[in-house]
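Descriptive structure summary
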Amino acid sequence: MSDAELSGLDAETLAMILEAIGEFADRNLPAELLLRLDHDDECPEDVVRRMCGDDLGIHLLFVPEAHGGMGAGSLDVCRVCERMAGIDLGVATSVLATALGSDPIAVGATPEQKKTWLSRMAGEGLLFAYGATEPEAGSDLGALKTVAVPVVEDGDTTGYRITGRKQWISNGGIADAYSVLANAPGGPSWFVVERDTPGFTRAKPEDKHGIRLSNTAALFLDDVEVGVDALVGGVEGRGLWQAQQVFGHTRLMVAAFGLGAGWAALDKAIAYAADRIQAGGPLSRKQGYTHKLLVPHAARLEAARAYIEETAARLDSGEQGLNTEGAIAKYLATEAGNLAADAAIQAHGGYGYTHEYLVEKIKRDVRITTIYEGTSEIMEMTISRDRWQEHLKTRGRYYHDRAAELESLDAAHPGIGAGTAALGLHVLAELLERCRTARLTRRQHVLLRLGELIAYAECAAALCRRAALAELPAKADRRFDLAELAVLARVFGREAVLRVATGGLQLVQGSVESPVADLTSALRLAEVAASQAGGLADSDALADILNSRSGGK
């Protein structure tokens with residue numbers, strides 16, 4: 001797909017924005033300040049507002065050109081999210097919470113409401129917050145208890161009185177306007193509530209494990225009266241539908257957060273390895289260090305990137321209904337980012353465990369990405385339920401057919417590991433069929449684990465497709481060239497197929513009381529074992545590639 005077919009910014013404008021973000025951070029968010037603010041549990045509201053104001057104007061990315069913004073596409077937003085997260089995930093959360101908070105307006109508001117709120121967001125730099133989560137409902141938006149009671153005069157609804165509580169709201173204490181989900185008589189509905197509306201109060205910031213540079217606070221609504229024009233879209237009962245419309249997009253944003261934070265931690269570990277001498281040589285030349293703490297994490301992050309950018313391109317081309325793809329991207333990117341940050345602490349030894357080193361802070365920060373905007377467990381369930389339905393609808397052909405596409409790719413590009421990724425998809429198809437015949441998907445644990453295996457298999461395929469491109473798209477990340485991507489694809493493909501096969505074996509055999517006949521044959525374990533050939537050499541090659549980034553010898 002060419003960049004001309006995609007919506008959003010041109011490549012030059014995107015590059016300028018990414019550079020401007022870096023320059024702004026260098027001037028205003030040095031490491032010493034980040035560590036101090038983290039220690040003091042302080043959100044730099046002035047910096048956030050400058051980023052969403054004339055100094056930087058990041059907020060303009062989320063506003064259509066018709067309302068004074070830049071009308072960025074999904075890929076643009078993902079690249080910016082990754083860049084922001086690489087600087088500080090707490091600040092990134094504060095800035096990007098405005099985008100999430102305005103999403104119900106962007107997708108569901110009337111033309112007049114869009115003109116009012118999106119124009120004010122662009123012109124005034126309004127900070128928004130997304131008021132959906134509740135103390136007891138958690139991520140289950142259908143279980144909310146906040147209510148909106150109509151105010152009726154002369155038989156006409158003139159407004160609503162909203163009562164309830166919201167929890168874990170990013171920008172909760174500093175936003176200017178809030179999108180609040182409440183149960184109206186017609187069903188769940190979004191309302192826009194301004195900061196100083198009587199009866200609307202905000203709790204003190206939460207004392208959080210990480211992202212301490214973001215403001216997270218509970219919201220209390222006690223008979224908060226808003227006009228009828230505050231009902232997003234002007235029709236009750238469309239709130240859950242409106243929320244569903246943006247999941248594919250917003251979960252990609254959080255996926256990019258995991259990617260950016262994971263690479264920020266890994267880059268520090270790579271640099272540390274080049275300088276740290278142990279037993280006569282740098283850590284960067286020791287397999288025990290590189291092959292455990294660097295190589296697998298780089299491969300997972302780049303597999304997630306391939307899926308993120310591929311899904312973002314599909315959204316920018318106008319494709320709809322990519323909630324499952326958003327879940328897959330978020331699941332792998334945030335889990336990979338969390339694991340990479342953990343490995344970076346280990347890579348620094350005792351230093352990494354101290355507050356003085358940023359890797360310790362990054363690890364606390366990135367952990368939230370596996371929780372907010374839907375936990376990893378919700379992502380696993382979303383993934384498995386959708387792909388299970390595809391398996392049933394196609395009579396078991398869904399992943400076999402996708403594997404055939406990869407086999408054709410392997411024939412044209414034999415060095416990118418597409419054959420291994422195809423094997424992973426074939427094994428996945430057989431695993432799903434065994435789960436069908438044994439009726440194993442009735443068990444929640446099986447569904448969750450299938451979600452994980454599906455994410456690995458599909459991301460392996462995406463990384464192969466990326467490595468097979470004639471050239472990277474103009475707006476794509478260029479951390480690695482195509483030859484290096486081929487090495488990454490081979491490394492991750494081996495991990496994915498092994499994970500699917502052994503995880504499938506454990507799931508099926510572990511769910512029944514007696515041995516399952518021909519299970520090792522169905523899951524092609526002999527072929528999976530053969531696919532691991534050359535793995536150490538590719539890990540050596542990837543370690544060299546990573547070392548070259550820091551000048552490691």
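Provided above is the structure to which this section pertains.
Just so we're clear, the structure is a prediction, and the values are computed from it rather than from any experiment.

Okay, the pairing of strand β2 (residues 147–153) next. By the bridge criterion, seven bridges tie β2 to strand β3 (residues 156–170) in an arrangement that is antiparallel. Looking at β3, one finds that Pro150 is bridged to Tyr160.

Before going further, it helps to spend a moment on the pairing of strand β7 (residues 216–227). Each regular strand displays side chains that alternate between the two surfaces of the sheet. Both β3 and β7 contribute to a ladder of nine bridges, which runs antiparallel. Looking at the pairing, Tyr160 lines up with Val226 of β7. Sheet topology note: the strand β6 (residues 200–202)/β7 ladder contains three bridges and is antiparallel. Within the sheet, the bridge partner assigned to Phe200 lies in β7 and is Leu221.

Let us look at the packing of aromatic side chains. If you walk through the whole model with that rule in mind, you get eight aromatic pairs. Where Trp117 meets Phe128, the ring centres are 6.1 Å apart and the plane angle is 80°; that geometry is what we call edge-to-face. Here the residue Trp117 occupies a position in helix α6 (residues 111–124), and Phe128 occupies one in strand β1 (residues 128–131), the gap between them amounting to 11 residues. Across this residue pair, the class does not change: Trp117 and Phe128 are buried. Arg202 extends its terminal NZ or CZ atom over the ring of Phe200, reaching a point 5.2 Å from the ring centre. One Lys or Arg, Arg238, reaches over the ring of Trp241 and ends 5.0 Å from the middle of that ring.

It is worth spelling out the pattern of salt bridges at this point. Opposite charge on two side chains permits them to pair, given that their charged atoms come into close proximity. For the structure shown, the criterion picks out 39 salt bridges. Here Arg305 ties to Glu82 by a salt bridge, and the two come within 2.8 Å at their closest N and O atoms. In this pair, Arg305 is assigned in helix α9 (residues 295–316) and Glu82 in helix α4 (residues 74–87), connecting sequence segments 223 residues apart. Judged on exposure class, the residue Arg305 and its partner Glu82 are both buried. Salt-bridge contacts for Arg402 lead to Glu458; the nearest nitrogen and oxygen are separated by 3.5 Å. Of this pair, Arg402 sits in helix α13 (residues 398–412) while Glu458 is found in helix α15 (residues 444–467), placing the two residues 56 residues apart along the sequence. Among the residues examined, Arg402 registers a relative accessible area of 23% and is labelled partly exposed. Of the residues examined, Glu458 reaches a relative accessible area of 2% and is grouped as buried.

For the rest of this paragraph, the subject is helix α10 (residues 323–347). End to end, α10 covers 35 Å across 25 residues, agreeing with the expected 36 Å (1.5 Å per residue, within 8%). Extensive coverage of α10 is indicated by the burial of 20 of its 25 residues. Remark: Gly349 follows α10 within two positions and exhibits a positive phi of approximately 65°.

Rules behind the numbers
Residues numbered from 1 in each chain as written. Predicted model: local features only at pLDDT ≥ 70, side-chain atom pairs only at ≥ 80, totals over all residues. Heavy atoms only, no water. Pairing = 2+ DSSP bridges. Helix = DSSP H or I, 4+ residues; strand = E, 2+ residues; numbered from the N terminus. Phe/Tyr/Trp six-rings, centres within 6.5 Å; stacked < 30°, edge-to-face > 60°. Buried < 20%, exposed > 50% of the residue type's maximum accessible area, 1.4 Å probe, protein only. Lys NZ or Arg CZ within 6 Å of the ring centre and 35° of its normal. Salt bridge = Lys/Arg side-chain N within 4 Å of Asp/Glu carboxyl O. Expected span 1.5 Å × (residues − 1).

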